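Chain by chain, the residues run as shown.
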Amino acid sequence: MKALIPVAGVGTRLRPHTYTQPKPLLPVAGKPIISFIIDQLVEIGIQDFVFVIGYLGDKITNYIDENHPNINREYVKQPERLGLGHAVWTARETIVNEDELFIVLGDTIFDADLKQMLHTPNSVLGIKKVDDPRNFGVAELDESGKVLKVVEKPKIPRSNMALVGLYKCTEVRKLIEALEFNINNEVKTKGEFQLTDGIQHMIENGTSFSSIHVNNWFDCGKKEVLLETNAILLQKPGYANEVLPDYENSIIIHPVSIAKGCKITNSIVGPDVTVAENTVINSSIVKNSIIGHFSRIEGVVLYSSVIGNDASIKGLSQSLNIGDNNEIDFS
Ligand code: UTP
(Lines give C-alpha, C1' and ligand atoms only; values in the text may rest on other atoms or scores of the structure.)
Protein backbone atom coordinates (compact mmCIF):
# COMPACT_ATOMS: atom_id res chain seq x y z
CA MET A 1 0.00 0.00 0.00
CA LYS A 2 1.21 3.47 -0.89
CA ALA A 3 0.43 6.83 0.67
CA LEU A 4 -0.09 9.77 -1.65
CA ILE A 5 0.51 13.20 -0.18
CA PRO A 6 -0.33 16.22 -2.34
CA VAL A 7 1.85 19.18 -1.36
CA ALA A 8 1.81 21.30 -4.51
CA GLY A 9 -0.37 24.10 -3.12
CA VAL A 10 0.71 27.71 -2.71
CA GLY A 11 -0.71 28.24 0.79
CA THR A 12 -2.04 31.76 0.18
CA ARG A 13 -3.82 31.88 3.54
CA LEU A 14 -0.51 31.47 5.35
CA ARG A 15 1.34 34.28 3.64
CA PRO A 16 3.84 35.79 4.30
CA HIS A 17 5.33 32.52 5.61
CA THR A 18 4.49 30.61 2.46
CA TYR A 19 6.30 33.11 0.24
CA THR A 20 9.51 31.39 1.28
CA GLN A 21 8.45 28.14 3.00
CA PRO A 22 6.00 25.61 1.59
CA LYS A 23 3.13 25.11 4.04
CA PRO A 24 4.00 21.45 4.84
CA LEU A 25 7.40 22.58 6.18
CA LEU A 26 6.02 25.06 8.71
CA PRO A 27 6.86 23.83 12.21
CA VAL A 28 4.30 22.94 14.87
CA ALA A 29 5.15 21.42 18.22
CA GLY A 30 8.75 20.87 17.25
CA LYS A 31 8.52 19.47 13.74
CA PRO A 32 7.19 20.40 10.32
CA ILE A 33 3.59 19.46 9.49
CA ILE A 34 4.72 16.96 6.83
CA SER A 35 6.77 15.03 9.40
CA PHE A 36 3.69 14.49 11.57
CA ILE A 37 1.92 12.98 8.59
CA ILE A 38 4.83 10.77 7.52
CA ASP A 39 5.53 9.56 11.07
CA GLN A 40 1.87 8.65 11.63
CA LEU A 41 1.71 6.62 8.43
CA VAL A 42 5.06 4.90 9.06
CA GLU A 43 3.73 3.93 12.49
CA ILE A 44 0.95 1.84 10.90
CA GLY A 45 3.42 0.17 8.56
CA ILE A 46 3.31 2.29 5.41
CA GLN A 47 6.73 2.58 3.79
CA ASP A 48 5.95 3.71 0.24
CA PHE A 49 5.17 7.38 -0.31
CA VAL A 50 4.32 9.49 -3.33
CA PHE A 51 4.47 13.25 -2.95
CA VAL A 52 2.83 15.51 -5.52
CA ILE A 53 5.02 18.58 -5.53
CA GLY A 54 4.78 21.96 -7.23
CA TYR A 55 5.20 25.30 -5.50
CA LEU A 56 8.60 25.38 -3.70
CA GLY A 57 8.84 21.66 -4.43
CA ASP A 58 12.64 21.54 -4.14
CA LYS A 59 12.44 22.63 -0.53
CA ILE A 60 10.04 19.79 0.19
CA THR A 61 12.11 17.11 -1.57
CA ASN A 62 15.28 18.31 0.15
CA TYR A 63 13.58 18.22 3.53
CA ILE A 64 12.11 14.74 3.06
CA ASP A 65 15.32 13.27 1.59
CA GLU A 66 17.29 14.59 4.53
CA ASN A 67 14.86 13.89 7.36
CA HIS A 68 12.99 10.77 6.23
CA PRO A 69 15.71 8.78 4.40
CA ASN A 70 14.19 5.42 5.38
CA ILE A 71 10.89 5.72 3.54
CA ASN A 72 10.56 4.75 -0.13
CA ARG A 73 9.69 8.00 -1.82
CA GLU A 74 8.66 9.16 -5.25
CA TYR A 75 8.07 12.76 -6.28
CA VAL A 76 5.66 13.69 -9.04
CA LYS A 77 5.48 17.27 -10.28
CA GLN A 78 2.05 18.81 -10.81
CA PRO A 79 2.67 21.04 -13.82
CA GLU A 80 -0.17 23.44 -13.04
CA ARG A 81 -2.07 23.95 -9.81
CA LEU A 82 -5.48 22.84 -11.09
CA GLY A 83 -6.88 21.39 -7.87
CA LEU A 84 -6.53 18.46 -5.51
CA GLY A 85 -8.27 16.03 -7.88
CA HIS A 86 -5.83 17.03 -10.59
CA ALA A 87 -2.91 16.59 -8.18
CA VAL A 88 -3.96 12.99 -7.45
CA TRP A 89 -4.54 12.28 -11.16
CA THR A 90 -1.07 13.67 -11.93
CA ALA A 91 0.41 10.82 -9.87
CA ARG A 92 -1.63 8.16 -11.72
CA GLU A 93 1.32 6.18 -13.09
CA THR A 94 2.84 5.71 -9.65
CA ILE A 95 -0.41 4.52 -8.03
CA VAL A 96 -2.37 2.70 -10.73
CA ASN A 97 -1.20 -0.80 -9.75
CA GLU A 98 -1.84 -0.37 -6.03
CA ASP A 99 -4.62 -2.44 -4.47
CA GLU A 100 -5.05 0.20 -1.82
CA LEU A 101 -4.02 3.82 -1.46
CA PHE A 102 -4.01 6.27 1.42
CA ILE A 103 -4.36 9.92 0.48
CA VAL A 104 -3.51 12.51 3.12
CA LEU A 105 -3.43 16.26 2.52
CA GLY A 106 -0.02 17.75 3.18
CA ASP A 107 -1.32 20.45 5.53
CA THR A 108 -3.50 18.35 7.78
CA ILE A 109 -2.62 16.81 11.12
CA PHE A 110 -5.02 14.48 12.76
CA ASP A 111 -5.63 12.22 15.59
CA ALA A 112 -7.43 9.21 14.11
CA ASP A 113 -7.47 5.45 14.33
CA LEU A 114 -5.47 4.87 11.15
CA LYS A 115 -5.14 1.16 11.97
CA GLN A 116 -8.91 0.76 11.87
CA MET A 117 -8.94 2.56 8.56
CA LEU A 118 -6.17 0.32 7.28
CA HIS A 119 -8.11 -2.81 8.17
CA THR A 120 -11.44 -1.69 6.69
CA PRO A 121 -11.88 -3.79 3.54
CA ASN A 122 -13.53 -1.07 1.43
CA SER A 123 -12.77 2.59 0.66
CA VAL A 124 -13.01 5.02 3.60
CA LEU A 125 -13.32 8.79 4.06
CA GLY A 126 -12.14 10.56 7.23
CA ILE A 127 -14.84 12.89 8.54
CA LYS A 128 -15.45 15.27 11.44
CA LYS A 129 -18.55 17.13 12.54
CA VAL A 130 -18.15 20.90 12.11
CA ASP A 131 -20.37 23.90 12.90
CA ASP A 132 -20.12 25.48 9.47
CA PRO A 133 -19.39 22.98 6.70
CA ARG A 134 -19.65 25.45 3.81
CA ASN A 135 -15.87 25.77 3.43
CA PHE A 136 -15.23 22.03 3.28
CA GLY A 137 -16.02 18.97 1.28
CA VAL A 138 -19.08 17.50 2.96
CA ALA A 139 -20.24 13.88 3.25
CA GLU A 140 -23.91 12.86 3.44
CA LEU A 141 -24.20 9.54 5.29
CA ASP A 142 -26.81 6.88 6.04
CA GLU A 143 -27.33 5.61 9.61
CA SER A 144 -24.59 3.00 9.25
CA GLY A 145 -22.00 5.63 8.22
CA LYS A 146 -22.02 4.64 4.55
CA VAL A 147 -21.35 7.63 2.33
CA LEU A 148 -24.33 8.46 0.11
CA LYS A 149 -22.98 11.60 -1.49
CA VAL A 150 -20.05 14.03 -1.23
CA VAL A 151 -20.23 17.70 -2.19
CA GLU A 152 -17.37 20.22 -2.28
CA LYS A 153 -18.05 23.48 -0.40
CA PRO A 154 -21.86 23.32 -0.66
CA LYS A 155 -23.75 26.63 -0.39
CA ILE A 156 -26.58 24.90 1.48
CA PRO A 157 -25.00 21.88 3.20
CA ARG A 158 -27.23 18.88 3.85
CA SER A 159 -24.80 17.47 6.39
CA ASN A 160 -22.30 18.90 8.84
CA MET A 161 -19.78 16.10 8.35
CA ALA A 162 -16.68 17.64 6.79
CA LEU A 163 -14.12 15.66 4.83
CA VAL A 164 -10.89 16.11 6.76
CA GLY A 165 -8.38 15.30 4.02
CA LEU A 166 -7.84 11.64 4.90
CA TYR A 167 -8.88 8.99 2.40
CA LYS A 168 -8.36 5.29 1.80
CA CYS A 169 -9.18 4.01 -1.65
CA THR A 170 -9.44 0.33 -2.52
CA GLU A 171 -10.38 0.95 -6.15
CA VAL A 172 -7.47 3.02 -7.30
CA ARG A 173 -7.97 2.45 -11.02
CA LYS A 174 -11.59 3.62 -10.72
CA LEU A 175 -10.43 6.70 -8.82
CA ILE A 176 -8.03 7.60 -11.63
CA GLU A 177 -10.75 7.01 -14.22
CA ALA A 178 -13.22 9.19 -12.30
CA LEU A 179 -10.70 12.03 -12.02
CA GLU A 180 -9.82 11.67 -15.68
CA PHE A 181 -13.51 11.79 -16.63
CA ASN A 182 -13.91 15.06 -14.70
CA ILE A 183 -10.76 16.53 -16.23
CA ASN A 184 -11.79 15.59 -19.78
CA ASN A 185 -15.28 16.96 -19.21
CA GLU A 186 -14.20 20.13 -17.40
CA VAL A 187 -16.13 19.15 -14.25
CA LYS A 188 -14.81 21.74 -11.78
CA THR A 189 -15.99 23.23 -8.50
CA LYS A 190 -14.74 26.69 -7.49
CA GLY A 191 -12.55 26.62 -10.59
CA GLU A 192 -10.58 23.49 -9.59
CA PHE A 193 -10.66 19.78 -10.34
CA GLN A 194 -11.68 18.53 -6.92
CA LEU A 195 -10.96 15.17 -5.35
CA THR A 196 -14.46 15.36 -3.83
CA ASP A 197 -15.98 15.51 -7.31
CA GLY A 198 -13.95 12.48 -8.37
CA ILE A 199 -15.19 10.54 -5.33
CA GLN A 200 -18.78 11.57 -6.08
CA HIS A 201 -18.34 10.25 -9.63
CA MET A 202 -17.15 6.93 -8.16
CA ILE A 203 -20.12 6.78 -5.78
CA GLU A 204 -22.52 7.41 -8.67
CA ASN A 205 -20.87 4.53 -10.50
CA GLY A 206 -21.23 2.04 -7.70
CA THR A 207 -18.12 2.39 -5.50
CA SER A 208 -18.90 2.03 -1.83
CA PHE A 209 -17.24 4.37 0.72
CA SER A 210 -17.61 4.07 4.46
CA SER A 211 -16.65 6.82 6.88
CA ILE A 212 -14.46 7.09 9.95
CA HIS A 213 -14.71 9.85 12.53
CA VAL A 214 -11.39 11.45 13.43
CA ASN A 215 -10.95 12.59 17.03
CA ASN A 216 -9.02 15.74 16.34
CA TRP A 217 -8.35 17.47 13.09
CA PHE A 218 -6.05 20.41 12.50
CA ASP A 219 -6.32 21.95 9.08
CA CYS A 220 -3.13 24.00 9.44
CA GLY A 221 -4.00 26.39 6.61
CA LYS A 222 -4.30 29.55 8.74
CA LYS A 223 -2.15 31.27 11.36
CA GLU A 224 -4.74 30.87 14.15
CA VAL A 225 -5.11 27.13 13.53
CA LEU A 226 -1.35 26.70 13.30
CA LEU A 227 -0.94 28.28 16.76
CA GLU A 228 -3.88 26.33 18.19
CA THR A 229 -2.45 23.08 16.81
CA ASN A 230 0.95 23.92 18.26
CA ALA A 231 -0.57 24.50 21.71
CA ILE A 232 -2.71 21.34 21.68
CA LEU A 233 0.08 19.07 20.45
CA LEU A 234 2.59 20.43 22.95
CA GLN A 235 0.21 19.29 25.71
CA LYS A 236 0.35 15.71 24.42
CA PRO A 237 3.04 13.31 25.57
CA GLY A 238 6.11 13.15 23.37
CA TYR A 239 6.03 16.53 21.67
CA ALA A 240 7.28 19.06 24.22
CA ASN A 241 10.78 19.01 25.70
CA GLU A 242 10.87 17.62 29.19
CA VAL A 243 14.52 18.24 29.79
CA LEU A 244 16.16 21.41 28.57
CA PRO A 245 19.54 23.02 29.14
CA ASP A 246 19.81 25.66 31.84
CA TYR A 247 19.24 28.86 29.91
CA GLU A 248 21.02 31.81 31.47
CA ASN A 249 18.84 33.83 33.82
CA SER A 250 15.68 32.62 32.09
CA ILE A 251 12.39 31.01 33.02
CA ILE A 252 10.82 28.34 30.83
CA ILE A 253 7.09 27.78 31.30
CA HIS A 254 6.19 24.32 29.93
CA PRO A 255 5.05 23.04 27.54
CA VAL A 256 7.58 24.24 25.01
CA SER A 257 9.61 22.73 22.21
CA ILE A 258 13.01 24.38 21.96
CA ALA A 259 15.34 22.89 19.36
CA LYS A 260 19.06 22.41 19.74
CA GLY A 261 21.46 25.29 19.31
CA CYS A 262 19.08 27.94 20.70
CA LYS A 263 20.51 30.55 23.03
CA ILE A 264 18.06 31.97 25.56
CA THR A 265 19.13 34.65 28.03
CA ASN A 266 17.26 36.95 30.45
CA SER A 267 13.91 35.80 29.08
CA ILE A 268 10.63 34.10 29.89
CA VAL A 269 9.62 31.56 27.25
CA GLY A 270 6.33 29.62 27.27
CA PRO A 271 3.84 28.23 27.59
CA ASP A 272 2.95 26.86 24.13
CA VAL A 273 6.07 27.97 22.33
CA THR A 274 7.97 26.18 19.56
CA VAL A 275 11.43 27.48 18.71
CA ALA A 276 13.37 25.93 15.82
CA GLU A 277 17.12 25.40 15.98
CA ASN A 278 19.81 28.03 16.47
CA THR A 279 17.50 30.89 17.38
CA VAL A 280 18.60 33.53 19.88
CA ILE A 281 16.11 34.96 22.39
CA ASN A 282 17.39 37.69 24.69
CA SER A 283 15.60 39.96 27.22
CA SER A 284 12.22 38.88 25.90
CA ILE A 285 8.90 37.35 26.90
CA VAL A 286 7.51 34.85 24.40
CA LYS A 287 4.29 32.88 24.77
CA ASN A 288 1.91 30.97 22.49
CA SER A 289 4.15 31.43 19.47
CA ILE A 290 6.11 29.62 16.78
CA ILE A 291 9.58 30.89 15.91
CA GLY A 292 11.65 29.60 13.00
CA HIS A 293 15.33 28.74 12.85
CA PHE A 294 18.29 31.12 12.96
CA SER A 295 16.09 34.00 14.13
CA ARG A 296 16.94 36.66 16.68
CA ILE A 297 14.41 38.03 19.17
CA GLU A 298 15.67 40.79 21.43
CA GLY A 299 13.88 43.09 23.93
CA VAL A 300 10.51 41.86 22.72
CA VAL A 301 7.18 40.80 24.24
CA LEU A 302 5.62 38.33 21.80
CA TYR A 303 2.34 36.46 22.04
CA SER A 304 0.21 34.61 19.49
CA SER A 305 2.90 35.19 16.90
CA VAL A 306 4.36 33.21 14.04
CA ILE A 307 7.88 34.27 13.12
CA GLY A 308 9.72 32.73 10.18
CA ASN A 309 13.32 31.62 9.76
CA ASP A 310 16.26 34.03 9.72
CA ALA A 311 14.09 36.86 11.06
CA SER A 312 15.29 39.51 13.47
CA ILE A 313 13.01 41.47 15.82
CA LYS A 314 14.17 44.03 18.33
CA GLY A 315 12.37 46.19 20.93
CA LEU A 316 8.68 45.52 20.45
CA SER A 317 5.47 44.45 22.22
CA GLN A 318 2.95 43.19 19.67
CA SER A 319 1.17 40.23 18.09
CA LEU A 320 2.94 39.49 14.81
CA ASN A 321 2.81 37.43 11.65
CA ILE A 322 6.31 37.80 10.22
CA GLY A 323 7.73 35.75 7.35
CA ASP A 324 11.28 34.63 6.69
CA ASN A 325 14.27 36.92 6.11
CA ASN A 326 12.77 40.01 7.76
CA GLU A 327 14.52 42.46 9.98
CA ILE A 328 12.38 44.65 12.21
CA ASP A 329 13.74 47.10 14.75
CA PHE A 330 11.17 48.99 16.84
CA SER A 331 13.70 50.28 19.38
P1 UTP B 1 -5.57 23.86 -0.18
O2 UTP B 1 -6.91 23.89 -0.74
O3 UTP B 1 -5.42 24.10 1.28
O4 UTP B 1 -4.67 24.88 -0.99
O5 UTP B 1 -4.94 22.46 -0.58
P6 UTP B 1 -3.28 25.51 -0.60
O7 UTP B 1 -2.65 26.08 -1.80
O8 UTP B 1 -2.44 24.49 0.13
O9 UTP B 1 -3.64 26.67 0.44
P10 UTP B 1 -4.46 28.04 0.24
O11 UTP B 1 -5.91 27.63 0.10
O12 UTP B 1 -3.91 28.72 -0.99
O13 UTP B 1 -4.18 28.82 1.50
C14 UTP B 1 -5.11 21.29 0.20
C15 UTP B 1 -3.96 20.35 -0.08
O16 UTP B 1 -3.95 19.98 -1.45
C17 UTP B 1 -2.72 20.29 -2.07
C18 UTP B 1 -2.10 21.38 -1.19
O19 UTP B 1 -0.69 21.35 -1.26
C20 UTP B 1 -2.60 20.99 0.20
O21 UTP B 1 -1.78 19.98 0.78
N22 UTP B 1 -2.99 20.74 -3.47
C23 UTP B 1 -4.02 21.57 -3.73
C24 UTP B 1 -2.19 20.28 -4.50
O25 UTP B 1 -1.22 19.50 -4.28
N26 UTP B 1 -2.44 20.70 -5.77
C27 UTP B 1 -3.48 21.53 -6.07
O28 UTP B 1 -3.66 21.86 -7.26
C29 UTP B 1 -4.28 21.97 -5.01
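About the thresholds
Residues numbered from 1 in each chain as written. Predicted model: local features only at pLDDT ≥ 70, side-chain atom pairs only at ≥ 80, totals over all residues. Heavy atoms only, no water. Helix = DSSP H or I, 4+ residues; strand = E, 2+ residues; numbered from the N terminus. Rg over C-alpha atoms; globule rule 2.2 N^0.38 Å. Buried < 20%, exposed > 50% of the residue type's maximum accessible area, 1.4 Å probe, protein only. Contact = heavy atoms within 4.5 Å. Pairing = 2+ DSSP bridges. Axes fitted to C-alpha atoms, helices over the stretch in contact; angles between N-to-C directions. Phe/Tyr/Trp six-rings, centres within 6.5 Å; stacked < 30°, edge-to-face > 60°. Lys NZ or Arg CZ within 6 Å of the ring centre and 35° of its normal. Patch = residues over 30% accessible without salt bridge, like charges linked within 9 Å, V, L, I, M, F, W, Y side chains within 5 Å. Areas by Shrake-Rupley, 256 points an atom, 1.4 Å probe, with all protein chains shown as cover. Salt bridge = Lys/Arg side-chain N within 4 Å of Asp/Glu carboxyl O. Arc of directions from axis to C-beta. Near = heavy atom within 4 Å. Polar contact = N/O pair within 3.5 Å; in protein donor to acceptor, adjacent residues only side chain to side chain. Nonpolar A, V, L, I, M, F, W, Y, C, P; charged D, E, K, R; others polar.

## Description of the overall build of the protein chain
Scanning the protein chain from N- to C-terminus turns up nine helices and 26 strands. A compact globule built from 331 residues should have a C-alpha radius of gyration of about 20 Å, and the protein chain, at 21 Å, falls within 12% of that. Across its three principal directions, the C-alpha atoms of the protein chain cover 65 × 40 × 35 Å. Within the span of the protein chain, comprising 331 residues, buried residues form 53% of the whole. For the protein chain, contacts bridging at least 24 residues in sequence account for 54% of all contacts bridging at least 6.

## Examining the sheet that holds strand β25 (residues 321-322)
Pairing is parallel across the open sheet formed by five strands, whose spatial order is β15-β18-β21-β23-β25. At either margin of the open sheet sits one strand with a lone partner, and together these are β15 (256-258) and β25. Where strand β23 (residues 306-307) and β25 come together, two bridges link them in parallel fashion. Bridging across to β25, V306 finds its partner in N321. In the packing of helix α9 (residues 223-235) onto the sheet, contacts are made with β15, β18 (273-275), β21 (289-291), β23 and β25, and the angle to β21 comes to roughly 95°.

## Considering unusual backbone geometry
A cis geometry characterises the amide bond from R15 onward to P16, with omega recorded as 10°. With an omega dihedral of 0°, the bond running from G270 to P271 counts as a cis peptide bond. Turning to its location among the elements, P271 is positioned in the loop between β17 (268-269) and β18. The backbone phi angle of A29 is positive, close to 45°, even though this residue is not glycine. Tracing the backbone through its elements, the reader meets A29 in the loop between β2 (27-28) and β3 (31-32). Even without being glycine, N288 reaches a positive phi, approximately 45°.

## Quick word on the packing of aromatic side chains
Aromatic rings in a pair are described by how distant their centres are and how their planes are angled relative to each other. The tally for this structure, following the rule as stated, stands at four aromatic pairs. Here F49 and F51 contribute two aromatic rings whose centre-to-centre distance is 5.9 Å and whose plane-to-plane angle is 10°, an arrangement assigned as stacked. Neither F49 nor F51 differs from the other in exposure class; each is buried. Aromatic rings pair up to connect F49, F51 and Y75 into one cluster. One Lys or Arg, K31, reaches over the ring of F36 and ends 4.8 Å from the middle of that ring.

## Overview of a nonpolar patch on the surface
A contiguous nonpolar patch, built from I285, V301 and Y303 and spanning about 230 Å² of accessible area, is present on the exposed surface. Mapping V301 onto the fold places it in strand β22 (residues 296-303).

## Side note on the side chain of S35
Structurally, the position occupied by S35 is in helix α2 (residues 33-43). When residues no more than four places from it in sequence are discounted, the contact partners of S35 are Y63 and H68.

## What about helix α3 (residues 57-67)?
Within α3, the full set of buried residues consists of G57, I60, T61, Y63 and I64. For α3, the buried positions fall inside an angular range of 165° around the axis, keeping them on one side. Among the exposed residues of α3, those pointing more than 90 degrees away from its buried face are D58 and E66. Buried residues belonging to α3 abut β3, α2, β4 (48-53) and β5 (72-77).

## Re the site of the ligand
Neighbouring the ligand are 17 residues; G9, T12, Q78, R81 and G83 lie closest to it. Within the contact set of the ligand, an oxygen atom lies 2.9 Å away from a backbone nitrogen or oxygen of P6. The separation between an oxygen atom of the ligand and a polar side-chain atom of K23 is 2.9 Å. Within the complex, the protein chains bury 87% of what would otherwise be the 570 Å² of accessible surface of the ligand. Per-class residue counts for the shell around the ligand are seven nonpolar, six polar and four charged.

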